[in-house]
Structures are given as structure tokens and as C-alpha cells.
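# Reading the structure
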Amino acid sequence: MSSSTSVRTARRRTVRVAAAALIAAAGLTLTACAGSNAADARSAGRTNTSSAAAESTASGWSGLQSTGAKADVLGKQSGGAHAAKGGKAASPVRTQRLADGISKAEIYQLGDQHYRAKIVARGSVLATLETKGHDDGLDANDMFVTLTLDGQVHSWMGGGHQGPGTFKLAGGWTAKVTKVGELRYRAQIIGHDGVAATLETNQHDVGLDANGIYIVLSSGGVISAHA
């Protein structure tokens with residue numbers, strides 16, 4: 001082989017080696033770019049996921065705050081008179097155990113002859129009675145409760161009569177119960193001199209202090225009285 005032929009062969013080998021090196025370098029660059037893009041995509045995915053989680057958490061927290069705000073507003077409405085006068089949340093004027101031995105009445109004074117009684121059991125408010133120009137009453141699963149205009153609570157168990165019908169009550173009273181509509185009953189409370197009072201439900205129970213005889217008429221037509 002001549003000297004010039006050897007030189008040309010060496011040059012071709014050098015070119016092929018250089019080309020191979022360039023191809024390998026390009027491959028590494030593409031691989032690196034692909035890896036970088038994948039990493040960016042994974043990072044973006046993590047960012048989006050984190051962002052979504054943060055938004056979800058924020059939304060849930062916002063919901064809790066809204067619920068709390070509503071509960072706070074309701075709390076202020078429940079004790080509006082005391083909050084306005086004392087500048088702080090209302091406190092009951094007294095708490096009284098009820099006839100079932102489990103629940104109790106928290107009694108609040110909201111104004112002149114204006115009282116509210118919350119029926120509470122195991123930390124939950126089960127019902128609310130309120131006087132505003134009239135007595136109030138409740139049939140709580142055969143426990144009857146009245147709240148009078150002067151803020152007195154009376155409770156007793158049983159003794160109910162299912163109307164319509166005419167029934168003898170405690171204290172010598174007679175109740176004539178009639179149905180006047182859906183969840184609407186009327187009870188005429190009759191004494192020696194005729195009809196002394198009339199109770200009427202309109203989808204909620206009602207109560208009466210009839211000269212020291214406490215009467216409840218439920219929206220289901222059950223009437224009960226207790227001395």
C-alpha cells in the first residue's frame with residue numbers, strides 16, 4: 001500500500017469516528033432533553049396536583065368557615081336580646097331537668113313575657129319552645145312540655161289522648177278535639193262555664209297554662225294535661 005493510500009484510509013477512519021462521536025453526542029443530547037422534558041412534565045403534574053389539592057383544601061376550609069359563620073349568626077339570633085344588652089353571647093337564666101330524666105330545658109329571657117326554652121339532650125338541641133304573646137307546648141315522644149309566658153317550664157310523661165274526640169282532662173277540664181286540616185287540630189278547652197280557651201295547631205304543637213293545669217295539643221291530634 002502506498003503512503004498516500006494509507007493517509008486517505010486514516011482520514012476516512014477519522015471522519016467515521018468523528019461522525020459516530022457526533023451521532024452518539026446527539027443521541028445523548030436528545031436523551032437528556034427527553035429526560036428533562038419528562039422531568040418537567042412530572043414536575044408540572046406534581047405542581048398541578050398540589051395546586052388542585054390546595055384548591056380543594058381551601059374550598060373545604062372555606063365551606064367550614066361559611067358553616068361556622070352561619071352557625072354564629074344563628075347563635076346571635078337565638079340570644080339577640082341578651083347579646084344586644086350585654087355585648088356577649090346570651091346565657092340561660094336557668095337550666096331545668098325534664099321528666100324523662102335525660103333531657104333538660106335551657107331557658108332564656110328575650111323580653112317582657114318573651115322566653116325561649118331549648119330542649120337539650122347529650123349536647124344536642126332537640127327542639128325549641130318560645131312564648132311571644134302566648135304559651136307554647138311540645139309533644140316530645142310522649143313527654144309533654146309547656147313553656148309559659150312567665151318563663152316557667154313544666155313537663156310530664158304520658159297521659160295523651162288521640163283526637164278527634166272529647167276527653168276528660170286534669171283539673172276538671174274537658175277537651176273537644178277536632179281535625180281541621182293536614183297536621184291541623186283544634187281543641188276547645190271546656191270548663192263549668194263553657195269554652196274557656198281554644199288551642200289550634202298549624203303544623204306545630206301548642207301549649208296552654210289553664211289556671212295551673214298545663215295542656216299540650218300536638219300537630220298529630222294528641223292532647224295531654226297535667227296539674
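Criteria and cut-off values
Residues numbered from 1 in each chain as written. Predicted model: local features only at pLDDT ≥ 70, side-chain atom pairs only at ≥ 80, totals over all residues. Heavy atoms only, no water. Pairing = 2+ DSSP bridges. Helix = DSSP H or I, 4+ residues; strand = E, 2+ residues; numbered from the N terminus. Axes fitted to C-alpha atoms, helices over the stretch in contact; angles between N-to-C directions. Salt bridge = Lys/Arg side-chain N within 4 Å of Asp/Glu carboxyl O. Buried < 20%, exposed > 50% of the residue type's maximum accessible area, 1.4 Å probe, protein only. Polar contact = N/O pair within 3.5 Å; in protein donor to acceptor, adjacent residues only side chain to side chain. Contact = heavy atoms within 4.5 Å.

Note: strands within a sheet are paired through backbone hydrogen bonds, in either parallel or antiparallel orientation. The strand order across the open sheet built from four strands is β1-β2-β3-β4, with neighbouring strands paired in antiparallel fashion. Looking at which strands have only one partner, the edges of the open sheet turn out to be β1 (94-97) and β4 (124-130). Strand-to-strand twist across the sheet, computed as the mean angle between neighbouring axes with direction ignored, equals 25°. Both strand β2 (residues 104-111) and strand β3 (residues 114-121) contribute to a ladder of seven bridges, which runs antiparallel. Paired with Gln109 across the strands is Tyr115, a residue of β3.

We now examine the pattern of salt bridges. Inspection of every chain in the model, using the stated rule, returns three salt bridges. One salt bridge connects Glu130 with Arg116, and the closest N-O pair in it is separated by 2.9 Å. Taken together, the residues Glu130 in strand β4 and Arg116 in strand β3 connect sequence positions 14 residues apart. Owing to a relative accessible area of 25%, Glu130 belongs among the partly exposed residues under this scheme.

Mapped onto the fold, His114 is located in strand β3. Within polar-contact distance, the side chain of His114 engages the side chain of Glu130 at 2.6 Å. Contacts of His114, omitting those with residues within four sequence positions, involve Tyr108, Gln109, Glu130, Thr131, Lys132 and Leu149.

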